[in-house]
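# Coordinate analysis (summary)
One letter stands for each residue in the lines below.
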Amino acid sequence: MSHEYRPPQRRSRLTRRGRLALFFGTLLALGAAVLIPMLRGGEAPEKPRRLVIPEGWRATQVYAAVDRELKLPPGSTKTAVATAGLDLPAEAKGNPEGYLFPATYPVTSKSTPATLLAYMVRTANEKLATKAVADGGKAHGMTPYQTATLASVIEAEAENRADMGKVARVVHNRLAKSMPLQMDSTVNYALNRNTVDTTLSDTRIDSPFNTYERQGLPPTPIDSPGLEAMAAAVAPTPGDWLFFVTVKPGDTRFSATYEEHKKHVADFNRIRAHAGSRAGQGAAAGK
């Protein structure tokens, strides 16, 4: 076998400067690979904004608040209800009124009308599913939806939390006697307003929410009730009251007879008339 002579090859050797350049180049390359994920993972998390939904707000008010918070055109949130897939009871027929639970909700850049509405409905379902509320509703022969409806009336009618149990008792007593509820709050809901002045013509409007003309609870909740109103709905204060009227701030009077109630209403009218005459005198004096 013949052997071809090959001169020995010299191995290239890095100079000290070359070794240092290679070393630092490697460090830079590794550093860049590590630095990129570190920068990504080290970004400060987004601080959520807060959306406050107060007790007693109607769905229309909630929709408007979400539109404002998300800087959307008016009506965007209301339109989103149809496709949001909200977990509502069948009785609601897709209407989330009463199930947009009053609370403080976090809002981020990823929030949408659908996610916020779903959060509110999920919270309402959790509150209605507590043992105290569920058992209390069953004891009065009410479904969770009826409980929410009754609680919404209590939320609208009671001047303060201390009166909620008594207002609930009036509603329960009237339902037991097959008396119309005659609640101004349900008429106001039908007329899309808020006022303490209900006229005779108001009480004759043709609406399923007119509890002067129709017996029983209104067909849907009329606002978003809070925990205190829900508790009152299922555990009303014991009593025989059938009527109540808020004569003046901090003075709601409950009565078992219509004769007693008429006296309280007379006091209400007298105080209102006096306040009106004083306001008129003030306006005249200012001219």
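Just so it is clear, the model here is predicted, and its values are computed rather than measured. (Residues numbered from 1 in each chain as written. Predicted model: local features only at pLDDT ≥ 70, side-chain atom pairs only at ≥ 80, totals over all residues. Heavy atoms only, no water.)

## Section: the overall build of the protein
What counts is decided by this rule: A run of H or I in DSSP becomes a helix once it reaches four residues, and a run of E becomes a strand once it reaches two; helices and strands are each numbered from the N terminus. Exposure classes here rest on a 1.4 Å probe applied to the protein chains alone. A residue is buried below 20% of its type maximum, exposed above 50%, and partly exposed in between. Here, residues are in contact when the closest pair of their heavy atoms is within 4.5 Å. Using a 1.4 Å probe, the Shrake-Rupley method yields the accessible areas, and only the shown protein chains count as cover for residues.
The secondary structure content of the protein amounts to 10 helices and four strands. Ordered by position in the sequence, the α and β elements of the protein form the string α-β-α-α-β-α-α-α-α-α-α-β-β-α. For the protein, the proportion of its 287 residues judged to be buried stands at 36%. Considering only residue pairs separated by 6 or more positions, the protein has 63% of its internal contacts joining residues 24 or more positions apart. Per element, the accessible surface of the protein, about 17700 Å² overall, is 56% carbon and sulfur.

## Description of the pattern of salt bridges
As a reminder, the rule being used: For salt bridges, the criterion is a side-chain nitrogen of Lys or Arg within 4 Å of an Asp or Glu carboxyl oxygen.
Evaluation of the coordinates by the stated rule reveals 11 salt bridges. For the salt bridge of arginine 253 with aspartate 267, the shortest nitrogen-to-oxygen distance reads 2.6 Å. Of this pair, arginine 253 sits in strand S4 (residues 251-255) while aspartate 267 sits in helix H10 (residues 258-285), and the two are 14 residues apart along the sequence. On the basis of relative accessibility, which here comes to 23%, the residue arginine 253 falls in the partly exposed class. Classification of aspartate 267 as buried rests on a relative accessible area of 17%. For the salt bridge of lysine 262 with glutamate 259, the shortest nitrogen-to-oxygen distance reads 3.4 Å. With lysine 262 and glutamate 259 both in helix H10, this residue pair falls three residues apart, about one helical turn. Lysine 262 gets classed as partly exposed once you look at its relative accessible area, which sits at 38%.

## A short note on the packing of helix H6 (residues 144-157) against helix H7 (residues 164-176)
Our working definition: Structural elements are reduced to axes, namely lines fitted to C-alpha atoms, with helices fitted over the stretch in contact, and the angle between N-to-C directions of any two is expressed from 0 to 180 degrees. Angles below 35 degrees are treated as roughly parallel, those above 145 as roughly antiparallel, those between 65 and 115 as roughly perpendicular, and all remaining angles as oblique. Handedness of a crossing is defined here by the sense of rotation of the near helix relative to the far one, left-handed for an anticlockwise turn of less than a right angle and right-handed for a clockwise turn. Amino acids are sorted into nonpolar (Ala, Val, Leu, Ile, Met, Phe, Trp, Tyr, Cys and Pro), charged (Asp, Glu, Lys and Arg) and polar (every other residue, Gly among them).
Interhelical geometry of H6 versus H7 gives an angle of 125 degrees and a closest axis separation of 9 Å. By the criterion of interaxial angle, the relationship of H6 to H7 is oblique. Here the hand of the crossing between H6 and H7 comes out right-handed. Where H6 approaches H7, its residues Leu150, Ile154, Glu155 and Glu157 are matched on the opposing element by Met164, Val167, Ala168, Val171 and His172. Among the residues forming the contact of H6 with H7, the class breakdown is six nonpolar, one polar and two charged.

Read these as layout, nothing more, since geometry by itself doesn't imply function.
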